[in-house]
Amino acid sequence: MAKLIGPKKTKTAVFISGTGSNLEKLIKYSINKTSPIKVSLIISSNANAKGLEYAKLYNIKKKIYDYNKKKFSEKKTLKVLETNHIKLICLAGFMKILSSNFIRKFKGKILNIHPSLLPKYKGLKTHERVIKNKEKYSGCTVHLVNSKLDSGKIVLQKRVKLSKKETPSSLQKKILKHEHRLYPKAIDKILANP
Ligand code: GRF
């Protein structure tokens, strides 16, 4: 009997530098039969990133590069992306800035998740700044990556209400839960309307 083969999944690389909770959610989502992606590569800028544990746990190829030597690392990264037929890159807590040359090679195929309602609060320490400014709402954004920090086209956003006693740490935890749901939805959206 002929083997039933499902629709081809888009081979995806997830770039991390730290905890990797978004990475784990993306892996779990990609394992789902109906998911349009397969996470087949993990790239880390940090050899001690906790998220690298998921490479072993889920049997996914991993590579660690020192992005302080940017030109060299990006060259190596491009090569490994090509060898592994990667067509989509998801940045998930990746703390390095990619060069415009690298971004051009994957134009429209690099996504990032940021813990604020962009274009507000680009960059670091978003939750501290949101609380200091007494905002009523914050949230998270999945966007396409262009050569300017946290500035590419917005794919999806989720608004989150701050509580009266919100701290940077409680807000970070609250928003992270929403990030975990938003990233898969944004991938579905971008792959349905490339
Ligand atoms: C997330 O808050 C993400 O929005 C930001 O970095 C954090 C990464 O968390 N870019 P994790 O490593 O996925 O747990």
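Residues numbered from 1 in each chain as written. Predicted model: local features only at pLDDT ≥ 70, side-chain atom pairs only at ≥ 80, totals over all residues. Heavy atoms only, no water.

Draft legend 1. The arrangement of the nonpolar core in detail. Of all hydrophobic cores here, the largest spans 34 residues; its most connected members are Val-14, Ile-42, Leu-111, Val-142, Tyr-183 and Ile-187. Broken down by element, this core gets its largest block of residues, seven residues, from helix H6 (residues 168-192). When sequence neighbours within four positions are dropped, the list of residues in contact with Val-142 reads Leu-111, Asn-112, Ile-113, Ile-154, Val-155, Leu-156, Leu-182, Tyr-183 and Ala-186. One finds Tyr-65, Tyr-67, Ile-89 and Ile-110 within the second-largest nonpolar core, a separate group that totals 19 residues. (Core = buried A, V, L, I, M, F, W, Y, C linked by side-chain atoms within 4.5 Å. Buried < 20%, exposed > 50% of the residue type's maximum accessible area, 1.4 Å probe, protein only. Helix = DSSP H or I, 4+ residues; strand = E, 2+ residues; numbered from the N terminus. Contact = heavy atoms within 4.5 Å.)

Draft legend 2. Structural context of the state of the cysteines. Counted according to the given criterion, the structure contains zero disulfides. Free cysteine Cys-90: the closest other cysteine sulfur is in Cys-140, separated by 15 Å. The class of Cys-90 is buried, set by a relative accessible area of 0%. According to the relative accessible area criterion, Cys-140 is buried, its value standing at 0%. (Disulfide = S-S within 2.5 Å.)

Draft legend 3. Looking closely at the packing of helix H1 (residues 21-31) against H6. It is at 10 Å that the axes of H1 and H6 come closest, and there the two elements cross at 45°. Judged on the interaxial angle alone, H6 and H1 are oblique. Two packed elements cross with a definite hand, and for H1 against H6 that hand is right-handed. For the pair H1 and H6, the contacting residues are Ser-21, Asn-22, Lys-25, Leu-26 and Tyr-29 in the first and Leu-176, Glu-179, His-180, Tyr-183, Pro-184, Ile-187 and Asp-188 in the second. In terms of residue class, the contact of H1 with H6 is made up of six nonpolar, three polar and three charged. (Axes fitted to C-alpha atoms, helices over the stretch in contact; angles between N-to-C directions. Parallel < 35°, antiparallel > 145°, perpendicular 65-115°, else oblique. Left-handed = near helix turned anticlockwise from the far one by under 90°. Nonpolar A, V, L, I, M, F, W, Y, C, P; charged D, E, K, R; others polar.)

Draft legend 4. A look at unusual backbone geometry. The linkage connecting Leu-118 with the following residue, Pro-119, adopts the cis geometry, with an omega of 10°. In this fold, Pro-119 is placed in the loop between strand S5 (110-114) and helix H5 (126-132). Even without being a glycine, Tyr-121 presents a positive backbone phi close to 60°. Topologically, Tyr-121 is positioned in the loop between S5 and H5. Positioned with a positive phi, Lys-134 is a non-glycine residue whose angle comes to about 55°.

Draft legend 5. Expanded view of the confidence of the model for the protein. In the predicted model, the protein carries a mean pLDDT of 95, and the fraction of residues at 70 or more is 96%. Contacts from residues 1-5, a stretch scored under 50 in pLDDT, to residues over four places away or in other chains number zero contacts. (pLDDT = per-residue confidence, 0-100.)

Draft legend 6. The arrangement of the pairing of S5 in detail. Among the five residues of S5, five are classified as buried, and the element is accordingly described as predominantly covered. Handedness of the crossover is the feature at issue here: the chain leaves strand S4 (residues 88-91), passes through helix H4 (residues 100-105), returns alongside S5, and the resulting connection is right-handed. Sheet topology note: the S5/strand S6 (residues 137-144) ladder contains four bridges and is antiparallel. Considered in S6, the bridge of His-114 is made with Thr-141. (Right-handed = clockwise from strand over helix to strand, strands pointing away. Pairing = 2+ DSSP bridges.)

Draft legend 7. A look at the side chain of His-180. You can see His-180 is positioned in helix H6. For His-180, a relative accessible area of 16% gives the class buried. Beyond its immediate chain neighbours, meaning those up to four positions away, His-180 contacts Ser-21, Asn-22 and Lys-25.

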